[in-house]
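Observations on the model geometry
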Amino acid sequence: MKNYKKFWKLGKKEFNTEIFDINKSGELIIKEGNYQYNVKDLIKKFGTPLEITLPFVIERRLNDLFEQFNRYIKFYNYHGRFFYHYPMKVNQNKEFVLPIISEGGNLEVSSANELWLVKKLWEQDQFNSKIRVICNGPKTPTYLGLISDLKARGLHIIPIIEDENELAYFTNSKNGKISGDLGIRVDIDVKVKSHWDKKFNRFGFTSQQILEIGKIKNLKLLHYHIGSQIEQSKDLVLLLKAAAKLFAKMKKNNPGLDMIDIGGGFAVPYEKKKMYPTEGVVKNIISTLSAISREEDIDPPDIIVEWGRYLVAPAQITIYKVIHQKAIEKGPATKWYIIDGSFINDLSDTWTIHQKWHVTPVNNMNAKKFSRVWLAGSSCDSDDKYTAGGHYIMLPAPEEGDPQEPQYLAVFDTGAYQDALSSHHCLLSSPAKIIAQNGLLTLARKRETPDEIGKQFGW
Ligand SMILES: *Cc1c(COP(=O)(O)O)cnc(C)c1O
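Residues numbered from 1 in each chain as written. Predicted model: local features only at pLDDT ≥ 70, side-chain atom pairs only at ≥ 80, totals over all residues. Heavy atoms only, no water.

Remarks on the domain arrangement of the chain
Basically, it comes down to this: Just so you know, the domain bounds were taken from an automatic or database domain assignment. Contact definition: two residues touch when any of their heavy atoms are within 4.5 Å. Each of two parts loses accessible area, computed with a 1.4 Å probe, when they are put together; buried area is these two losses added. Here, a salt bridge means any side-chain nitrogen of Lys or Arg that lies within 4 Å of a carboxyl oxygen of Asp or Glu. The term polar contact refers here to a pair of N or O atoms within 3.5 Å; inside protein, the definition further demands a hydrogen-donor-capable atom paired with an acceptor-capable atom, and it admits residues adjacent in sequence only when both atoms are side-chain atoms. Only DSSP runs of H or I covering at least 4 residues are called helices, and only runs of E covering at least 2 are called strands; the numbering of each starts at the N terminus.
Domain boundaries assigned for the chain yield domain 1 (4–55 + 315–456) and domain 2 (78–306). Taken over C-alpha atoms, the centre of domain 1 sits 34 Å from the centre of domain 2. Of the residues lining the interface, 23 residues belong to domain 1; the matching set on domain 2 comes to 18 residues. For the pair domain 1 and domain 2, the summed buried area comes to about 1800 Å², and 59% of that belongs to carbon and sulfur atoms. Here domain 1 and domain 2 share three salt bridges between them. For the salt bridge of Asp-413 with Lys-272, the shortest nitrogen-to-oxygen distance reads 2.7 Å. Counting across the interface, domain 1 meets domain 2 through eight residue pairs in polar contact (both at pLDDT 80 or more). Of all elements in the fold, only α14 (418–421) and β20 (432–437) reach the threshold of two or more residues within the side of domain 1 that touches domain 2.

Regarding unusual backbone geometry
This is how the line gets drawn: Each residue gets one of three labels from its accessible area relative to the maximum for its type: buried under 20%, exposed over 50%, partly exposed in between, using a 1.4 Å probe on protein chains only.
With an omega dihedral of -10°, the bond running from Thr-48 to Pro-49 counts as a cis peptide bond. Within the secondary structure, Pro-49 is located in the loop between α2 (39–46) and β4 (50–53). Phi at Tyr-417 is positive, roughly 75°, even though this residue is not glycine. Among the residues examined, Tyr-417 registers a relative accessible area of 16% and is labelled buried. Although it is not a glycine, Leu-427 sits at a positive phi angle of roughly 55°. By the element assignment, Leu-427 lies in the loop between α14 and β20. By relative accessible area, which is 43% here, Leu-427 ends up partly exposed.

Structure (structure tokens):
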């Protein structure tokens, strides 16, 4: 018999699928310690399309990260601390943010509205008073107002200066309310391989500009963020080397500078091919900072990472039902499977940046026959499809005489970015969303009714 668990790449830590398994009936199982969820049972209860959010995955991944950084900080006798800041833009849903702050994560926000949510949490005493918040993005008057309001009330906020205007604002003593720690963003001149590697980066100052600025009162932190889904781990280290050298030079004029924030970019193995492991990267980060601090004779800085998709992408899967099949006359695949949701709406990166996903069946995982399939969404748009990059995906092919159970499928790693980008093309309803944690199921978002969607369009 075929090893179906291996075939579907489940149960493997290096693919972030260690919590998934197959039961004897060929159905997809999620394991959380002693608890177990049969995805088909969840479908029976909540219907499809369905997002299943797994906060325990976020908690484990964050604790692993703390553990690894602290291990290598000890190993290299490194005299700086490690901080994790969660970039809220990756997924602002409460069920993603709360587990992170309750496990000791800090936050990074990119807009006034995100900071507004932090303020709401702060007022409800939902987090410890030591939490730190880094503020990126263009500082509108509303954003600046919120920053000074929250600072005055004792929240530890570090605004990041991104351009000349912000520099003038934050260093003008007339804006006295904005006192306290500041950061500055550098656009490191190192090219990395990533989908987002742009010829022109509009964020931050060049290293040269920062050195020319010289002293900035209250400067505490040097920040960079160069790209997402960085393909090679050596690029993460090259960026850090360049930044650490700049940091050492800046330190001469800014003795209070003692934190280096390396941004996001750690890649997720979406396609379930081997990628770089966390441990090696963490080791390299600490050893690099250790060596450069020694060479340059500076105190080793505290280190901040903002790896967003790394932490939360594996904490959600999205489930669809196949509602029709259609033959493909000529092509690498033989059939379209039409699903009861939409790639354009629910997983829009499929459409906009040709994001790849790992797709498995939810039932019939041990089928005898498979088809080469392309997936099509339910909107009327010809771009609403997933062809796995011109190839195909394998899904069970029902045999004649099979009991007519619908075919369900799971798209893995959908926890990062998709929710805030989602839309309502053809006025389709978004997937319902449930949270599975400690063996309990909570409905986090009901399926929208036609009336509710109509309201959003003024009906
Ligand atoms: C988007 C973003 C991140 C997160 O990037 P990932 O690729 O998800 O790790 C971190 N920091 C900043 C400043 C960002 O803009």
